[in-house]
Amino acid sequence: MTQAVSPSTSPPTNRVGWWLRRYFFAGLAALFPVGVTLWLLWTIVTVADGLIGELFGFPVPGVGLVVMVAVIFLVGILTVHFFGKVLFRTIEVLFNRLPLVRKIYPAVKQLADFLFNESGRQAAFRRVVLVQYPRPGAYSIAFVTNEATTTALGKPTTLLTLLI
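The structure displayed is predicted, hence computed values, not measured ones. (Residues numbered from 1 in each chain as written. Predicted model: local features only at pLDDT ≥ 70, side-chain atom pairs only at ≥ 80, totals over all residues. Heavy atoms only, no water.)

Each helix and strand in the protein chain was counted, giving 5 helices and 3 strands. When the helices and strands of the protein chain are placed in sequence order, the string is α-α-α-α-α-β-β-β. Expressed as a percentage of the 164 residues in the protein chain, the buried residues total 14%. Long-range contacts, defined here as pairs at least 24 residues apart, represent 20% of the contacts in the protein chain between residues at least 6 apart. Looking at the protein chain as shown, the accessible area adds up to about 12,800 Å², and 71% of this sits on carbon and sulfur atoms. (Helix = DSSP H or I, 4+ residues; strand = E, 2+ residues; numbered from the N terminus. Buried < 20%, exposed > 50% of the residue type's maximum accessible area, 1.4 Å probe, protein only. Contact = heavy atoms within 4.5 Å. Areas by Shrake-Rupley, 256 points an atom, 1.4 Å probe, with all protein chains shown as cover.)

Printed below as a string of structure tokens:
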């Protein structure tokens, strides 16, 4: 478990900047995948409606939605097979080189893997626990990611690795 630096230990002049950065990036990390997904879906629907409308000379309601679902299925097929795996690994490498994206993308990918990949969900988190964090008397939800038993302190003790 990594502990964040508390703003109370920083000089008073930096405290406001620390809070602004913390909440700005937390909000960005929460909204970025949702915003990009909605924008991408809206773009696919709008472009498909426009192109099909021009092709037939009149608008065809709902065709953009059908095209969007088809695109999602095609991307799903690509990601499962070899070519798609190589393509998406290449895209990941490029994302990990971009300054702002490399801070956000790994966390978003881990969350997406957890939410949409059944085997990843079972392997990543074993159970949910309540821990005293960030200060005594305040409790936060945490996920147990690993367990180990040690006798280094004399008696058998169970150590947990948590994701808070």
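Here the focus is the nonpolar core. Counting residues in each nonpolar core, the largest one holds 6 residues, listed as Val 129, Val 131, Tyr 133, Ala 142, Val 144 and Leu 162. Put simply, the parts of the chain that give this core at least two residues each are β1 (127-132) and β2 (139-150). (Core = buried A, V, L, I, M, F, W, Y, C linked by side-chain atoms within 4.5 Å.)

This part takes up the sheet that holds β2. The strand order across the open sheet built from 3 strands is β1-β2-β3, with neighbouring strands paired in antiparallel fashion. Of all the strands in the sheet, just β1 and β3 (157-163) have a single pairing partner and so form its edges. Direction aside, neighbouring strands of the sheet carry axes that sit 60 degrees apart on average. (Pairing = 2+ DSSP bridges. Axes fitted to C-alpha atoms, helices over the stretch in contact; angles between N-to-C directions.)

Opposite charge on two side chains allows them to pair when their charged atoms are near. Inspection of every chain in the model, using the stated rule, returns 1 salt bridge. One salt bridge in this structure joins Arg 127 and Glu 147, with 2.6 Å as the shortest N-O distance. Remark: Glu 147 occurs in strand β2 and Arg 127 occurs in strand β1; sequence separation between them is 20 residues. Looking at Glu 147, the relative accessible area reads 35%, which means it is partly exposed. (Salt bridge = Lys/Arg side-chain N within 4 Å of Asp/Glu carboxyl O.)

Among the structural elements, Ser 140 can be located in strand β2. From its side chain, Ser 140 meets the backbone oxygen of Tyr 133 in a polar contact 2.8 Å long. Leave out the neighbours within four places in its chain, and Ser 140 touches Val 129, Leu 130, Val 131, Tyr 133, Pro 134 and Ile 164. (Polar contact = N/O pair within 3.5 Å; in protein donor to acceptor, adjacent residues only side chain to side chain.)

A word on the pairing of β3. Consecutive side chains along a regular strand alternate between the two faces of the sheet. Sheet topology places β2 next to β3; 7 bridges connect them, and they run antiparallel. Bridge pairing links Thr 150 to Thr 157 in β3. Adjacent in sequence and paired antiparallel, β2 and β3 are bridged by 6 residues, among which Gly 154 carries a positive phi angle near 110 degrees.

The omega angle of the peptide bond from Tyr 133 to Pro 134 is 10 degrees, so this bond is cis rather than trans. By the element assignment, Pro 134 lies in the loop between β1 and β2.

This part is about the confidence of the model for the protein chain. Summary statistics for the protein chain give a mean pLDDT of 77 and a share of 84% for residues scoring 70 or more. For the protein chain, helix α5 (residues 118-124) is the element with the lowest average pLDDT, namely 56, and β1 is the one with the highest, namely 84. Overall, residues 1-6 carries pLDDT values under 50, and its contacts beyond four positions in sequence, including any with other chains, amount to 7 contacts. (pLDDT = per-residue confidence, 0-100.)

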